[in-house]
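Given next are the chains, with one letter for each unit.
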Amino acid sequence: MQKIMVCIKRVVDYNVRIRVKPDGTGVMLDGVKMSINPFDEIALEEALRIKERGTNIEVVAVSIGVTDTQQQLRTALAMGADRAILVQTDAAVEPLTAAQIFLALAKKENPDLIFLGKQAIDDDANQTGQMLAAIWDRPQATYASKVEIAAGKASVTREIDAGLETIEVDLPAVVTVDLRLNEPRYVKLPDIMKAKKKPLDVTSLDALGVSAGVLLKVIKTEPPPQRQKGVMVKDVAELVDVLKKKGLI
Amino acid sequence: MHKILIVGEHDGKNLNPATAKCVHCAAGISGGEITIVVLGADTAAVAGQAAAIAGVKSVLRVDRPENQHPLAAIFAPQLVALATDFTHIFGPSTSFGKDLMPRVAALLGVPQVSDLMAVEGSHRFKRPTYAGNAIVTVEAEPARKLVATVRVASFEAAKGGGSATVESKSLSVALPSHTRYIGAKTGSTDRPDLQTAKRVVSGGRALGSAENFKLLFSFADKIGAAVGASRAAVDAGYAPNEMQVGQTGKIISPDIYIAIGISGAIQHLTGIKDARTIVAINKDGEAPIFEVADVGLVGDLFQIVPEFERLVGG
Ligand SMILES: Cc1cc2nc3c(=O)[nH]c(=O)nc-3n(C[C@H](O)[C@H](O)[C@H](O)COP(=O)(O)OP(=O)(O)OC[C@H]3O[C@@H](n4cnc5c(N)ncnc54)[C@H](O)[C@@H]3O)c2cc1C
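Summarised in this report is the structure supplied together with it.

Parameters and conventions
Residues numbered from 1 in each chain as written. Chains lettered and ligands numbered in written order. Predicted model: local features only at pLDDT ≥ 70, side-chain atom pairs only at ≥ 80, totals over all residues. Heavy atoms only, no water. Helix = DSSP H or I, 4+ residues; strand = E, 2+ residues; numbered from the N terminus. Rg over C-alpha atoms; globule rule 2.2 N^0.38 Å. Buried < 20%, exposed > 50% of the residue type's maximum accessible area, 1.4 Å probe, protein only. Contact = heavy atoms within 4.5 Å. Near = heavy atom within 4 Å. Polar contact = N/O pair within 3.5 Å; in protein donor to acceptor, adjacent residues only side chain to side chain. Areas by Shrake-Rupley, 256 points an atom, 1.4 Å probe, with all protein chains shown as cover. Nonpolar A, V, L, I, M, F, W, Y, C, P; charged D, E, K, R; others polar. Expected span 1.5 Å × (residues − 1). Arc of directions from axis to C-beta. Salt bridge = Lys/Arg side-chain N within 4 Å of Asp/Glu carboxyl O. Pairing = 2+ DSSP bridges. Axes fitted to C-alpha atoms, helices over the stretch in contact; angles between N-to-C directions.

A word on the overall build of chain B
Stage number 1. Tallying secondary structure elements over chain B gives 9 helices and 16 strands in all.
Stage number 2. Expected size for 314 residues packed as a compact globule is a radius of gyration near 20 Å; at 21 Å, chain B falls within 12% of this value.
Stage number 3. For chain B, the C-alpha atoms occupy an extent of roughly 60 × 40 × 40 Å along the three principal directions.
Stage number 4. Expressed as a percentage of its 314 residues, the buried residues of chain B come to 58%.
Stage number 5. Within chain B, contacts between residues separated by at least 24 positions form 64% of all contacts whose residues are at least 6 apart in sequence.

Examining the site of the ligand
Stage number 1. With respect to spatial proximity, 30 residues lie near the ligand, and among them Arg 205, Ser 230, Thr 248, Ser 263 and Asn 282 of chain B are the closest.
Stage number 2. Near the ligand, residues from chains A and B are present, making the site a shared one.
Stage number 3. The contact in question runs from an oxygen atom of the ligand to an N or O atom on the side chain of Gln 244 of chain B, over 2.8 Å.
Stage number 4. With respect to the ligand, the backbone of Leu 301 of chain B contributes an N or O atom lying 2.9 Å from a nitrogen atom.
Stage number 5. Starting from 990 Å² of accessible surface for the ligand in isolation, the protein chains cover 86%.
Stage number 6. Elements supplying a minimum of two residues to the shell around the ligand: helix H1 (38-53) of chain A together with helix H6 (231-235), helix H7 (266-269) and helix H9 (301-313) of chain B.
Stage number 7. Residue composition of the shell around the ligand, by class: 12 nonpolar, 13 polar and 5 charged.

Brief notes about helix H5 (residues 210-223) of chain B
Residue and element names in this part refer to chain B.
Stage number 1. When the terminal C-alpha atoms of H5 are compared, their 21 Å separation across 14 residues agrees well with the 20 Å that a helix rising 1.5 Å per residue should span.
Stage number 2. Those residues of H5 not exposed but buried are Phe 213, Leu 216, Phe 219, Ala 220 and Ile 223. Take H5 and look down its axis: the buried residues cluster within an arc of 110°, on one side only. Turned more than 90 degrees away from the buried face of H5 sit Glu 211 and Lys 214, all of them exposed.
Stage number 3. As for H5, its buried residues are in contact with strand S12 (199-203), strand S13 (226-229), H6, strand S14 (256-260) and H9.
Stage number 4. Where H5 terminates, the next one or two residues include Gly 224, which has phi positive at roughly 65°.

Quick notes on the interface of chain B and chain A
Stage number 1. Residue-level contacts link 86 residues of chain B with 75 residues of chain A.
Stage number 2. Taken together, the connections running from chain B to chain A amount to 7 salt bridges.
Stage number 3. One salt bridge connects Arg 180 of chain B with Glu 168 of chain A, and the closest N-O pair in it is separated by 2.8 Å.
Stage number 4. In this structure, the connection of chain B to chain A is made through 41 residue pairs in polar contact (both at pLDDT 80 or more).
Stage number 5. When the residues that make up the side of chain B that touches chain A are grouped by side-chain class, the tally is 38 nonpolar, 24 polar and 24 charged.
Stage number 6. When strand S9 (residues 163-170) of chain A meets strand S11 (residues 179-186) of chain B, the two strands line up antiparallel, connected through 7 bridges. Looking at S11 of chain B, one finds that Val 169 of chain A is bridged to Thr 179 of chain B.

A look at the sheet that holds S14 of chain B
Stage number 1. Here we have 6 strands laid out as an open sheet, ordered S13(A)-S16(B)-S15(B)-S14(B)-S12(B)-S13(B), and parallel in their pairing. The open sheet terminates on both sides in strands that have one partner only, identified here as strand S13 (231-233) of chain A together with S13 of chain B. Neighbour-to-neighbour, the strand axes of this sheet turn through a mean angle of 20°, independent of strand direction.
Stage number 2. Alignment of strand S15 (residues 277-282) of chain B against strand S16 (residues 295-298) of chain B, held across 4 bridges, turns out to be parallel. Bridge pairing in S16 of chain B places Ala 280 of chain B opposite Gly 296 of chain B.
Stage number 3. The strands that helix H7 (residues 236-245) of chain A touches are S13 of chain A together with S14, S15 and S16 of chain B; relative to S16 of chain B, the one it contacts most, it runs at about 170°.

Observations concerning the pattern of salt bridges
Stage number 1. As enumerated under the stated definition, the model contains 34 salt bridges over all chains in all.
Stage number 2. Between Arg 185 of chain A and Glu 52 of chain A there is a salt bridge, with the nearest N and O atoms lying 2.8 Å from each other. Of this pair, Arg 185 of chain A sits in the loop between strand S10 (173-177) and helix H5 (189-195) while Glu 52 of chain A sits in helix H1; the two residues are 133 residues apart in sequence, bridging distant segments of the chain.
Stage number 3. Taking the relative accessible area as the measure of exposure, Glu 52 of chain A reaches 52% and is therefore exposed.
Stage number 4. Measuring nitrogen to oxygen at the nearest pair gives 2.7 Å for the salt bridge that ties Asp 63 of chain B to Arg 61 of chain B.
Stage number 5. For Arg 61 of chain B, a relative accessible area of 18% gives the class buried.
Stage number 6. Each of Lys 3, Glu 58, Arg 83 and Glu 109 of chain A takes part in a single network of salt bridges with overlapping partners.

Right, here's the structure in full:
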């Protein structure tokens, strides 16, 4: 094991209350707090733990996005990534395009392992890791809650609907992570200072030979239907009464 | 004409009800012809179940020993080989479908619509983003094949009584050996399945321990409900991961959802928005769960739940 690549997405922070623009063209993003996608933070943490257990393992954090995405990559460097690459673009990047971009980076970097979050909390697509594994022609282990590396293989416990499943994959492989894999570390001030000196390369879609086409056209964005405000009951007897009247119990 | 291939989910014995929900979704595409494919080591039984779903024209069986366990890297190339004859390839938005379908889409070089929640046209669909807080309408290019996962909570299961033809397919597709199934740990339970239950009782961090969760199990058994949990309860080890409800757990649509000691974070609410009736029990009258609850009761769960159990029994 020599190199781990971690793919990071800049997203609206999970604490922000999302509001749809009245004209239906998207959600309001002006002045909204942006963060590393929480799943990607867990992906990075796992890479760092593997690095710290091993010797001479390099962790490369990569992202695709606007110039300001450098902020999230700086955070990744402060957490402990060795270097970072930003594929800078203002275009909206769909999962298949993101996978093609990461494939181009993988071909340059030749990582043994690529970690991603299982989904991004903005588009909730849950696709990029699987798509990357497909076009890289390598194994995928999604929804990881435990990862063990030994002798060119990864044994991965996955969270599935029925419980937990363990699979073994040959490296190189793509692993997408779930919430219970680990708890990401907090960055400390000295780490933020150190991160400023770490390399952060900026490249472009053109340089990688990928074009960001629109495969799925977004016609409109709307808020979800609101639920009616309900009734408050004063005690259990009344609760049971209401539910019986509704024929629910 | 639209030819829709649905990837059937099963455990070797039973077809998952998610498959019939995908059929219902696909039936919304007018002029569509629906085929279900089941891959497995021996799919005789589940192919029979698939053939009985109303509205299905044919069922394809792909039996080979390598298909014993649903590994995406093994299934995807076989589905790509089958895809030639189809315009749409749908799978359920379950852990099985979410793992598999993007691999199929990428091998075909086409986009995927995740969590399809409404059909607006043969290539126009609605899907949730931002934990269900923004619904987008997307349109795909009809010239390309379309891959989608179907948000099963948005669709009722198609009815039975169908009589589709069943055909065995042998595909000469080379399969990779880089991915191996080792084993699974699944909670066996006599309780109703969380994803299809009509009644769900769900507990949060407030339960405080795995021991206290037994309160909920006892109550759930009394009313024939499945048991769910918030992420906080699962993270704390009070409940196993398969019980998690929400953005990153299960999205469910029971007739009644009883949230007990759950605050109602947006990530949790996105999993229960389709419940017909939401009941909230929480000691904090300001908890956000009350904003979506149809019936709310403020109080201590440790007093309320045993009393609730007693009163519904009578
Ligand atoms: C990326 C991401 C994904 C997530 N995905 C999910 C998900 O899929 N599902 C999910 O559930 N969460 C998810 N979360 C977590 C979510 O944000 C909340 O942290 C979580 O839902 C809180 O769980 P809770 O309501 O049990 O706990 P808390 O928020 O701590 O609420 C406990 C509640 O219990 C009440 N209470 C305490 N004692 C009593 C008592 N004796 N009687 C009655 N009431 C009592 C309190 O008033 C409080 O409202 C996710 C978070 C992130 C960042």
